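Report on the structure
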Amino acid sequence: MTTVTSVDARTGKIRMVVGEESTHRDVDATCARAAFAFPTLEAMGRDGRARLLRAMADGLEDERAAIVAVADDETALGEQRLDSELTRTCFQLRAFAGALEEGSYLEATIDHAAPTPMGPRPDVRRMLVPVGPVAVFGASNFPLAFSVPGGDTAAALAAGCPVVLKAHPSHPATSRLCFDTMTAAAAEAGAPEGTLGLLYGRQAGIDLVRHGAIRAVGFTGSYRGGRALFDVACSRPDPIPFYGELGSVNPLVITPAAAAERGSEIAAGYVDSFTLGSGQFCTKPGLAFIPAGKAGTQLITEMADRVRQLGPSRMLNAGIHDAFVADCERLSNESGVEVVATAAASADANVASAVLYATRARDFTERVLEECFGPAAVLLEYSDEAELMDALGRLKGNLTATVHTGDDETDLPARLAGVLIAKAGRLVWNGYPTGVAITHAMQHGGPHPATTNPLHTSVGTTSIRRFLRPVAWQNAPQAVLPPELRDVGPAIPRRIEALPTWTHR
């Protein structure tokens, strides 16, 4: 068996042995426990699962110091960043608890029996129900927000789905500590054994997606790894939904008016954004469209000056660092692409230097559109609006697209919105996409290759929709209906008589 070790991200030395990689038998047993737990977790109802989520948030808060310390050792993300990330995660769990109690996520709909031009209409009542056990894959760059205690886990549990987690190899000890904390909280809240499960190892992840008890998958990671698992999910005898976030370059457009009015401000904001967290954010704006001319040239100069002033930054692990170096080499060798500026270098392990590249918008190749995970960005200079629009039309799908406009601009921003809405799931105006708010309205997902399913979000309470399916009850007795669909039910939003009712004359 292969040993699972926790590695110090700063020294590269082994901190501790966490355990052994999960075998096929481990996967089967864990999934069986999740399947057994499913009816009981669903039967806890909305109020019971709200208590469960709040108990988990409280448990994580109680273990804050230990969790942050271990996560910092394994990721080198810094205690301040990780403390904030844990706060976000606890807020997220409580936000889903509130969504459960409010109830609109169920989409409860009642159409009473009535006459129509097509004949008598039966009594039909519809709402969303949980799909069953869900597999969640932890992400390398967010050990507390997109991993064991992450958004996918919160959404699935809120829906009523047990979660089997595949821990990321970058932070196995953090995953275990969070899992133990949340499992203890779940038991205290009355949740059944098997509500959460934890697995280690690459083959275990493949076996997990293949397992018949798993009814959906949440994934955040690389395009190659995500696409391979997506293909596994689709090739099952019973294909299941695979909600994968795979990669995004997140274009940012600066109009001529914006460059002229606040170039220095934009230069500072852009460099801060694409180097935030060593550029290891899925929403990093990796492409910036710069107008040709005096203002655009000055903007590039100021961006380059700011990059040169940066120190080196540590990346999550050796694999991610080496992939970043390879991506930088690819960009440096790409036709028409030049290096504009680099940050200070360091010989320390897993430490990277920010790099700023530039090319012309009319000349960029497909390889420029491949995500470079790390502190690098490409500036694309456009000569006029036609060239800009043509270049934007060649973009692939993204999580975000950002536009910086002048104070009085209206026509160009409207035209840009018309193009970019087909390219991204979230449009940002006069800001930066790094940082995703947990709200009801948030959309974190976009056309391929950003995600495998652009219809859903992985952030915000609406993400619960991924782990639910609709069921309709026709002419059902009140006793067999869910409480939310009965004539006298809980006080939740319900749509009644969704379609017009006609009477024959």
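Scroll up for the structure.
Calculation criteria
- Residues numbered from 1 in each chain as written.
- Predicted model: local features only at pLDDT ≥ 70, side-chain atom pairs only at ≥ 80, totals over all residues.
- Heavy atoms only, no water.
- Helix = DSSP H or I, 4+ residues; strand = E, 2+ residues; numbered from the N terminus.
- Rg over C-alpha atoms; globule rule 2.2 N^0.38 Å.
- Buried < 20%, exposed > 50% of the residue type's maximum accessible area, 1.4 Å probe, protein only.
- Contact = heavy atoms within 4.5 Å.
- Areas by Shrake-Rupley, 256 points an atom, 1.4 Å probe, with all protein chains shown as cover.
- Lys, Arg positive; Asp, Glu negative; His and termini not counted.
- Charge placed at Lys NZ, Arg CZ, Asp CG, Glu CD.
- Pairing = 2+ DSSP bridges.
- Axes fitted to C-alpha atoms, helices over the stretch in contact; angles between N-to-C directions.
- Salt bridge = Lys/Arg side-chain N within 4 Å of Asp/Glu carboxyl O.
- Parallel < 35°, antiparallel > 145°, perpendicular 65-115°, else oblique.
- Left-handed = near helix turned anticlockwise from the far one by under 90°.
- Core = buried A, V, L, I, M, F, W, Y, C linked by side-chain atoms within 4.5 Å.
- Expected span 1.5 Å × (residues − 1).

A closer look at the overall build of the protein
When helices and strands are tallied, the protein shows 13 helices and 22 strands. Here the C-alpha radius of gyration of the protein, 25 Å, is about what a compact globule of 505 residues would show, namely 23 Å. In terms of overall dimensions, the protein has a C-alpha envelope of 75 × 70 × 40 Å along the principal axes. Among the 505 residues that make up the protein, the fraction classed as buried is 57%. Of the contacts made within the protein by residues no fewer than 6 positions apart, 75% connect residues no fewer than 24 positions apart. As displayed, the protein offers around 20800 Å² of accessible surface, 54% of which is attributable to carbon and sulfur atoms. A gap of 5 Å separates the mean positions of the 46 positive and 57 negative side-chain charges of the protein.

Things to note about the sheet that holds strand E11 (residues 242-245)
If you trace the 5 strands from one edge of the open sheet to the other, you get E9-E8-E7-E10-E11, paired in parallel fashion. In this open sheet, the two strands that pair with only one neighbour each are strand E9 (196-199) and E11. Each neighbouring strand pair of the sheet contributes to a mean axis angle of 15°, computed without reference to strand direction. With 4 bridges joining them, strand E7 (residues 134-137) and strand E8 (residues 163-166) adopt parallel strand pairing. The partner of Val136 across the bridge, within E8, is Leu165. Seen against the sheet, helix H6 (residues 172-188) touches E8 and E9 and runs at an angle of roughly 165° to E9.

Here's the deal with the sheet that holds strand E12 (residues 251-254)
Ordered by their spatial adjacency, 7 strands build an open sheet running E15-E17-E18-E13-E12-E19-E20, and the pairing between neighbours is mixed. Taken across any chain shown, the strands that pair with only one partner, and hence form the sheet edges, are strand E15 (338-342) and strand E20 (424-429). When strand polarity is set aside, the average angle formed by the axes of neighbouring strands in this sheet is 20°. Pairing geometry for strand E17 (residues 355-360) and strand E18 (residues 376-382), over 6 bridges, is parallel. Paired with Ala358 across the bridge in E18 is Leu379. Where helix H10 (residues 294-308) meets the sheet, its contacts fall on E12, strand E13 (287-291), E15, E17 and E18, and the angle it forms with E15 comes to roughly 50°. Set on the sheet, helix H11 (residues 318-332) makes contact with E15, E17 and E18; between it and E17 the angle comes to about 30°.

A word on the pattern of salt bridges
This model, assessed by the stated rule, comprises 27 salt bridges. For Arg126, the salt bridge goes to Glu107, with nearest N and O atoms at 3.9 Å. Of this pair, Arg126 sits in strand E6 (residues 124-130) while Glu107 is found in the loop between helix H4 (79-102) and strand E3 (109-111), placing the two residues 19 residues apart along the sequence. The exposure class of Arg126 is partly exposed, given its relative accessible area of 32%. Measuring nitrogen to oxygen at the nearest pair gives 3.0 Å for the salt bridge that ties Arg121 to Glu497. Of this pair, Arg121 sits in strand E5 (residues 119-121) while Glu497 sits in the segment after strand E22 (495-496), placing them 376 residues apart in sequence. Exposure remark for Glu497: the relative accessible area of 30% places this residue in the partly exposed category.

Observations concerning the packing of helix H2 (residues 45-62) against helix H5 (residues 151-159)
At their nearest, the axes of H2 and H5 sit 9 Å apart, and the two run at 155° to each other. The orientation of H2 relative to H5 falls into the category roughly antiparallel. Remark: the crossing between H2 and H5 carries right-handed chirality. Only Ala154, Leu157, Ala158 and Ala159 of H5 make contact with H2, whose side of the interface consists of Arg49, Leu53 and Met56.

Things to note about the nonpolar core
Ranked by internal contacts, the top residues of the largest apolar core, which has 97 residues, are Met56, Phe289, Leu392 and Phe467. With 7 residues, H4 is the single largest residue contributor to this core. Leave out the neighbours within four places in its chain, and Phe289 touches Pro251, Leu252, Val253, Ile254, Ala361, Leu380, Tyr382, Leu388, Ala391, Leu392 and Leu395. Counting 23 residues, the second-largest nonpolar core is a separate cluster that includes Leu252, Ile290, Ile300 and Val307.

Regarding helix H3 (residues 64-75)
An ideal rise of 1.5 Å per residue puts 16 Å on 12 residues; H3 measures up with 16 Å between its terminal C-alpha atoms. All of the buried residues in H3 are Arg64, Ile67, Val68, Val70, Ala71, Asp72, Glu74 and Thr75. Positive backbone phi, at 60°, marks Ala76, one or two positions downstream of H3.

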